[in-house]
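Each chain, written out:
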Amino acid sequence: MRVIAATGMVAALLAGMLAFAGAGAASAQEPVLISEEVTTQEEAPEEESNCETVDLGLLDSTPGSQLTANGRWTTEDCDSRFRSNSDAHTYQFEIDATGRIRVDLNSSDADSYLYLLDAEGTRISENDDGGVGALDARVERELEAGVYLIEATTTAGRVRGPADFEVVVTLVDTCEPEALGILTPEQDIEVTGFWDPESCQSIFLTGHPSRYFVFTLPEGARVRVDLTSEIGDPVLIVAPIVALRSVVPGQVAHNDDAAGTRNSRIEQYFPADVYGIEATTFRTRDLQGPLVDFTLTLTIVEEEVQQNNPSLKIEEIDIPTEVVAGDPFPINYRVGNLGGDAFPDEESNAVLYAVGPRLFDRTGPLFSHLWPAGVAYHTNEETASTTSTTTPLVAPFSVTFYRTGPAWLFTAVLVEDGNEDEISFHGLWHDLMVLSGPTYDPVLVEVDGVVYSVSAALDEDVEDEDDEGTVVTTVVAVDDPEAEIDAETQVRARYAAGVRTQLLDGIFDRPEIAALPQAAEPNPVTVPSPQSDALLKTAAGRFAVVVNGSGLLEVLANGEAISPVAVEDLILSTADRVSETYASLAASWQSLLDQIESGGALSFADAFAVHSELAYAESILSPALVPSSIVSAARAAEQGWNDPEVRAMLAGLRLCNASPTALRDAYEAAGVENIDELIALDTEMRAASPVYGLLIDGALCASAAADATNFRFLERLELDDSEELRKLFESEPQPEPEEEPEPDPPIGLRVMARLGEDGRIEHGVELSSGFQILPERRYLPSETRVGMWYSTLDVELGGSSIGQIRARRLADGRIELGFRDFEGDNLIPDIAYLPADLDEGVWYRSSVIEVQRPPEPEEDEEEAE
């Protein structure tokens with residue numbers, strides 16, 4: 001969904017509609033709408049050009065009259081006022097009456113760029129690629145009588161060499177609006193038409209093709225205006241033709257992308273008047289197809305019927321004002337049917353969605369039975385009203401921003417009937433700031449016996465908008481605020497502060513922790529590290545003790561079948577050990593919180609212990625409680641495992657596929673002796689009670705995800721590049737399995753290319769690991785024969801050549817990429833073409849191709865001896 005820039009829109013609407021009404025052109029000094037942004041005119045450069053200005057003379061006042069000039073960019077001409085290292089020629093023309101002027105800059109040899117200026121050199125408008133030819137430029141707008149300047153220049157600078165061009169100034173016929181007649185409740189209005197590159201230019205969006213219409217509304221009414229297109233992207237503007245200078249709010253309306261579609265709709269009350277309609281498109285002429293259809297429909301909506309229709313609205317939203325880049329966060333809301341009726345048919349449905357920069361989430365369709373008149377659903381307590389309720393079908397959205405700086409979210413609900421016709425649409429905007437990391441007030445930490453104050457705050461002094469949202473962390477020694485602090489100490493202090501503010505504060509409110517029960521008798525546990533291997537090693541050793549003491553190994557040794565009840569007893573016994581272990585951890589955490597409350601500092605060692613213990617509680621202890629709760633529910637129910645609620649608990653579980661060797665590996669790491677017997681028993685217990693598999697696999701899968709969680713924790717604190725912390729979180733090295741070596745797989749790579757400032761194309765390859773290789777000779781010259789393949793020097797990996805990159809220019813300006821492997825076979829990726837209009841300095845990539853590995857070079861016999 002796109003929104004036309006709102007700043008200055010009313011002024012632009014008024015100025016444009018005055019011109020539309022034939023009441024005079026917009027002054028060159030008024031704000032003008034260029035492309036999709038409203039801008040004000042730019043002041044002329046301080047240094048005036050001394051280059052010659054060619055006078056084209058007075059343009060005749062007869063429509064179709066032209067002034068023309070031919071020229072040549074030689075690469076030694078005057079510099080452009082606005083584009084560095086670009087030739088420029090300046091022309092002057094005069095008009096003696098207000099009119100619609102079209103200026104074309106055409107060249108078959110260069111990419112033209114056109115500036116229209118007033119007599120003092122102030123920029124009025126500019127264009128690239130808006131002309132008839134693919135790379136020609138065009139500006140078309142209403143101008144008042146006076147003298148105007150044209151700067152004819154190019155986009156590519158002087159590197160493309162000399163080129164011829166033509167300037168044409170034309171007085172264009174005024175686009176007369178088509179009369180649609182009188183709109184009444186009994187008679188709708190519908191008209192079809194087309195946009196093409198020669199259509200009249202939009203009054204409001206420079207360079208966009210448009211059509212104009214007029215209709216009469218004899219009595220004030222609620223009017224719905226729809227502009228639809230099968231392949232276009234319509235934009236709709238409605239305003240009165242007369243008395244424009246006394247416009248009041250509600251008399252001018254515009255719309256793009258109604259209800260999440262590309263079509264446009266305006267529906268509101270209009271007083272009796274004669275109204276003009278501009279039917280234009282979001283795409284400029286150069287991006288528009290040669291012939292794009294549209295349909296314009298005007299209907300009077302009966303107020304009583306409209307008021308009785310169902311009307312779903314987002315009544316309330318709950319979104320944080322600040323989020324951390326990379327962190328998923330919920331969008332909570334309340335949505336209700338505020339209309340006077342239920343949905344018209346069973347197929348009517350609502351779609352809820354949230355959209356923002358580079359993100360989208362949706363829920364639905366949600367059908368009519370959910371939406372009787374007056375109903376409202378909330379997704380959390382903060383959005384609840386006294387009458388709203390909950391349903392699992394209306395749930396919070398979860399979204400993630402990855403770029404820092406200001407951002408926005410639009411939460412909306414769209415209702416359609418069974419024919420997919422819109423019934424209602426409503427949404428709410430929310431602005432927020434995306435931060436590079438968490439912020440927190442000063443906290444005390446201790447590293448190597450020294451106490452430091454650590455704080456993290458948003459940097460308010462950034463100069464580059466790309467740096468907006470940057471969080472700066474400050475570490476100060478409490479006893480000597482001016483003391484210099486070495487990098488290693490700063491890392492440790494920042495880590496301890498991160499654990500204190502992000503983990504320890506509110507630790508008992510974390511969902512996985514709040515659900516854990518505390519036993520009366522604690523059972524202490526030592527967790528050496530939060531990394532996954534350490535968690536599994538600790539858990540496996542303690543679980544082996546429980547299993548060895550259950551008596552089930554003896555049953556298995558006797559050749560007897562394992563009882564499901566005995567397996568259930570083991571699950572409940574494990575849950576008891578979980579509550580005992582958690583009681584010990586909770587007591588340790590509470591002691592640290594009490595110490596902090598008394599003004600104490602959190603040491604680095606204690607911070608690492610808290611991090612490790614929390615990972616163990618959330619990855620090992622919490623998953624182990626789920627199976628025990630199901631066993632307890634089944635034993636309490638009259639129907640046992642056939643009870644509907646118990647079966648629903650089982651059906652609602654998320655199953656994971658743990659590695660088949662993960663349990664054995666964990667036992668081996670813990671030094672357990674009877675591993676084979678325990679693995680054999682594990683197989684039988686899974687067969688006897690599927691819930692047992694949930695106990696084991698839940699812990700295995702949760703702990704496997706711990707390493708990614710740890711990395712994200714360090715990444716949020718911007719400590720992920722610390723070698724010391726990485727060592728603390730690294731998994732223990734595993735012995736290499738003694739297996740027969742498999743043949744080396746092929747090399748997966750992408751061909752890369754980017755446009756340089758000098759017009760050459762630089763090439764390289766990127767391996768699946770992200771490693772990039774740039775061969776020595778890798779540039780495709782800016783002037784090469786069309787259709788001829790050019791090759792780089794060898795792409796070397798591990799001292800051996802894996803092949804050469806190939807590229808050729810095509811007649812349409814695109815570049816085709818390929819690769820020749822070391823055996824001479826030519827490989828063409830599925831995605832092999834670079835567009836003709838490459839962005840300078842940006843790497844483009846082909847799709848993945850697989851290249852055979854070259855044979856290992858044979859060792860020289862003499863050297864071997």
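No experiment lies behind these values; they were computed from the predicted model shown. (Residues numbered from 1 in each chain as written. Predicted model: local features only at pLDDT ≥ 70, side-chain atom pairs only at ≥ 80, totals over all residues. Heavy atoms only, no water.)

Peer 1: Give a description of the overall build of the protein that names residues and reports values.
Peer 2: Within the protein, the regular secondary structure consists of 15 helices and 46 strands. Burial status across the protein gives 47% buried among its 865 residues. Put simply, 69% of the contacts in the protein that link residues at least 6 apart link residues at least 24 apart. Accessible area of the protein: about 43,200 Å², with a carbon and sulfur share of 47%. (Helix = DSSP H or I, 4+ residues; strand = E, 2+ residues; numbered from the N terminus. Buried < 20%, exposed > 50% of the residue type's maximum accessible area, 1.4 Å probe, protein only. Contact = heavy atoms within 4.5 Å. Areas by Shrake-Rupley, 256 points an atom, 1.4 Å probe, with all protein chains shown as cover.)

Peer 1: Break down the packing of aromatic side chains for me, with residues and values.
Peer 2: For the structure shown, the criterion picks out 20 aromatic pairs. Seen from their ring centres, Trp371 and Tyr377 are 5.3 Å apart, and the 80 degrees between their planes marks the pair as edge-to-face. Ring centres 6.1 Å apart and planes at 90 degrees place the aromatic pair Tyr495 and Phe713 in the edge-to-face group. Of this pair, Tyr495 sits in helix 3 (residues 487-504) while Phe713 sits in helix 13 (residues 706-716), and the two are 218 residues apart along the sequence. Neither Tyr495 nor Phe713 differs from the other in exposure class; each is buried. For the cation-ring pair, Arg492 lies above Phe604, with the distance from its terminal atom to the ring centre recorded as 4.3 Å. (Phe/Tyr/Trp six-rings, centres within 6.5 Å; stacked < 30°, edge-to-face > 60°. Lys NZ or Arg CZ within 6 Å of the ring centre and 35° of its normal.)

Peer 1: Please give an account of the pairing of strand 19 (residues 264-270) that cites residues and values.
Peer 2: Summarising burial for strand 19: five of the seven residues are buried, a large majority. Bridge count between strand 16 (residues 221-228) and strand 19: seven bridges; the pairing is antiparallel. Note on strand 19: the bridge partner recorded for Arg222 is Tyr269. (Pairing = 2+ DSSP bridges.)

Peer 1: Just give me the short version of the pattern of salt bridges, but keep the residues and values in it.
Peer 2: Tallied over the full model, the rule gives 32 salt bridges. Note that Arg492 and Glu724 form a salt bridge whose closest N and O atoms lie 2.4 Å from each other. Of this pair, Arg492 sits in helix 3 while Glu724 is found in helix 14 (residues 723-729), placing the two residues 232 residues apart along the sequence. Pair check on accessibility: Arg492 and Glu724 agree, each one buried. Through salt bridges that share partners, Arg100, Arg102, Glu140 and Glu142 make up one connected network. (Salt bridge = Lys/Arg side-chain N within 4 Å of Asp/Glu carboxyl O.)

Peer 1: A description of the packing of helix 3 against helix 8 (residues 604-636) should follow, citing residues and the corresponding values.
Peer 2: Helix-helix packing is characterised by the crossing angle of the two axes and by the distance between the axes. The geometry of helix 3 relative to helix 8 is characterised by a closest axis approach of 9 Å and an angle of 45 degrees between their N-to-C directions. Here helix 8 runs oblique to helix 3, going by the angle between their axes. Every pair of crossing elements has a handedness; the one defined by helix 3 and helix 8 is left-handed. Across the interface between the two elements, Arg492, Tyr495, Ala496, Val499, Leu503 and Leu504 of helix 3 pack against Phe604, Ala607, Phe608, Val610, His611 and Leu614 of helix 8. The residue makeup of the contact of helix 3 with helix 8, split by class, is ten nonpolar, one polar and one charged. (Axes fitted to C-alpha atoms, helices over the stretch in contact; angles between N-to-C directions. Parallel < 35°, antiparallel > 145°, perpendicular 65-115°, else oblique. Left-handed = near helix turned anticlockwise from the far one by under 90°. Nonpolar A, V, L, I, M, F, W, Y, C, P; charged D, E, K, R; others polar.)

Peer 1: Please give an account of the confidence of the model for the protein that cites residues and values.
Peer 2: Mean pLDDT for the protein: 83, with 85% of residues reaching 70 or above. For the protein, the element scoring lowest by mean pLDDT is strand 1 (residues 32-34), at 28; strand 34 (residues 602-603) scores highest, at 96. Predicted confidence is poor over residues 861-865, with pLDDT under 50, and the contacts of this stretch with residues over four places away or in other chains come to one contact. (pLDDT = per-residue confidence, 0-100.)

Peer 1: Residues and numbers for helix 5 (residues 532-548), please.
Peer 2: Under the 1.5 Å per step criterion, the end-to-end length of helix 5 is 24 Å for 17 residues, consistent within 8% with the ideal 24 Å. Packed against the buried residues of helix 5 are helix 7 (564-597), helix 8, helix 10 (662-670), helix 11 (675-688), helix 12 (690-704) and helix 13. One side-chain oxygen of the residue at the start of helix 5 lies 2.8 Å from the amide nitrogen of Asp533, identifying that residue as Gln531. (Expected span 1.5 Å × (residues − 1). Polar contact = N/O pair within 3.5 Å; in protein donor to acceptor, adjacent residues only side chain to side chain.)

Peer 1: Can you break down the packing of helix 5 against helix 12 residue by residue, with the values?
Peer 2: It is at 8 Å that the axes of helix 5 and helix 12 come closest, and there the two elements cross at 150 degrees. Between helix 5 and helix 12, the angle falls in the class roughly antiparallel. On helix 12, the residues touching Ser532, Leu535, Leu536 and Phe543 of helix 5 are Tyr692, Leu695, Ile696, Ala699, Leu700, Ser703 and Ala704. Across the contact of helix 5 with helix 12, the residue classes break down as nine nonpolar, two polar and no charged.

Peer 1: Please give an account of the nonpolar core that cites residues and values.
Peer 2: Residues Tyr495, Trp589, Tyr667 and Tyr692 are the most contacted members of the largest nonpolar core, which totals 86 residues. Among the elements that make up this core, the one with the highest residue count is helix 8 (13 residues). Those residues within four positions of Tyr667 in sequence are excluded, and the remaining contacts are Ala540, Phe543, Ala544, Val672, Ile675, Leu678 and Ile679. Counting 30 residues, the second largest nonpolar core, distinct from the first, contains Val323, Val335, Phe397 and Val413. (Core = buried A, V, L, I, M, F, W, Y, C linked by side-chain atoms within 4.5 Å.)

Peer 1: If you had to explain the sheet that holds strand 6 (residues 99-106) to someone new, which residues and values would you point to?
Peer 2: Taken together, four strands build an open sheet; the order of strands is 4-11-6-9 and the sheet is antiparallel. Of all strands in the sheet, those bounded by a partner on one side alone are strand 4 (66-73) and strand 9 (137-143). Across the sheet, the mean angle separating the axes of adjacent strands is 15 degrees when strand polarity is ignored. Inspection of the sheet shows strand 6 paired to strand 11 (residues 163-172) by seven bridges, in the antiparallel sense. Bridge pairing links Leu105 to Val167 in strand 11.

Peer 1: Describe in detail the pairing of strand 8 (residues 123-128), supporting the description with residues and values.
Peer 2: Within strand 8, five of the six residues are buried, leaving the element largely enclosed by the surrounding structure. Across five bridges, the pairing between strand 7 (residues 112-118) and strand 8 is antiparallel. The partner of Leu117 across the bridge, within strand 8, is Arg123. Two successive antiparallel strands, strand 7 and strand 8, enclose a turn made up of four residues, where Gly121 displays a positive phi of approximately 90 degrees.

Peer 1: Describe the environment of Pro162, listing the residues and the values that go with them.
Peer 2: You can see Pro162 is positioned in the loop between strand 10 (146-154) and strand 11. Taking the C-alpha atoms as reference points, Pro162 and Ala110, 52 residues apart in sequence, are found 8.4 Å from one another. The residues contacting Pro162, other than those within four sequence positions of it, are Arg72, Trp73, Thr74 and Thr75.

Peer 1: Explain the side chain of Glu568 residue by residue, including any values.
Peer 2: Along the polypeptide, Glu568 turns up in helix 7. On the accessibility criterion, Glu568 (8% relative accessible area) is buried. Sequence-distant contacts of Glu568, that is, excluding residues within four places in its chain, are made with Val631, Arg635 and Trp641.

Peer 1: Account for a negative patch on the surface, naming residues and giving values.
Peer 2: A surface patch of negative charge is lined by Glu460, Asp461, Glu463, Asp464, Glu465, Asp466 and Asp467. Along the chain, Glu463 falls in the loop between strand 32 (450-458) and strand 33 (471-477). Judged by relative accessible area, which is 82%, Glu463 ranks as exposed. (Patch = residues over 30% accessible without salt bridge, like charges linked within 9 Å, V, L, I, M, F, W, Y side chains within 5 Å. Lys, Arg positive; Asp, Glu negative; His and termini not counted. Charge placed at Lys NZ, Arg CZ, Asp CG, Glu CD.)

Peer 1: Lay out the sheet that holds strand 26 (residues 359-367) with the relevant residues and their values.
Peer 2: The strand order across the open sheet formed by five strands is 23-30-29-25-26, and the pairing between neighbours is mixed. For this open sheet the edge positions go to strand 23 (322-324) and strand 26, each flanked by a neighbour on one side alone. When the angles between neighbouring strand axes are averaged without regard to direction, this sheet yields 25 degrees. As paired strands, strand 23 and strand 30 (residues 422-435) are joined by three bridges and run parallel to one another. If you follow Val324 over to strand 30, its bridge partner there is Leu435.

Peer 1: So what's going on with the side chain of Thr170? Residues and values would help.
Peer 2: Relative to the helices and strands, Thr170 is located in strand 11. For Thr170, a relative accessible area of 9% puts it in the buried group. Looking at Thr170, its side chain comes within polar contact range of the side chain of Gln66, at 3.2 Å. If we ignore the near neighbours within four places in the chain, the residues touching Thr170 are Leu59, Gly64, Ser65, Gln66, Arg100, Ile101 and Arg102.

Peer 1: Give a detailed account of unusual backbone geometry, specifying residues and quantitative values.
Peer 2: Here the amide bond leading from Gly364 into Pro365 is cis, since omega sits at 10 degrees, within 30 degrees of zero. As for its position among the elements, Pro365 is in strand 26. Although it is not a glycine, Glu420 adopts a positive phi angle of roughly 65 degrees. Residues other than glycine seldom take positive phi values, yet Asp448 does so here, at roughly 55 degrees.

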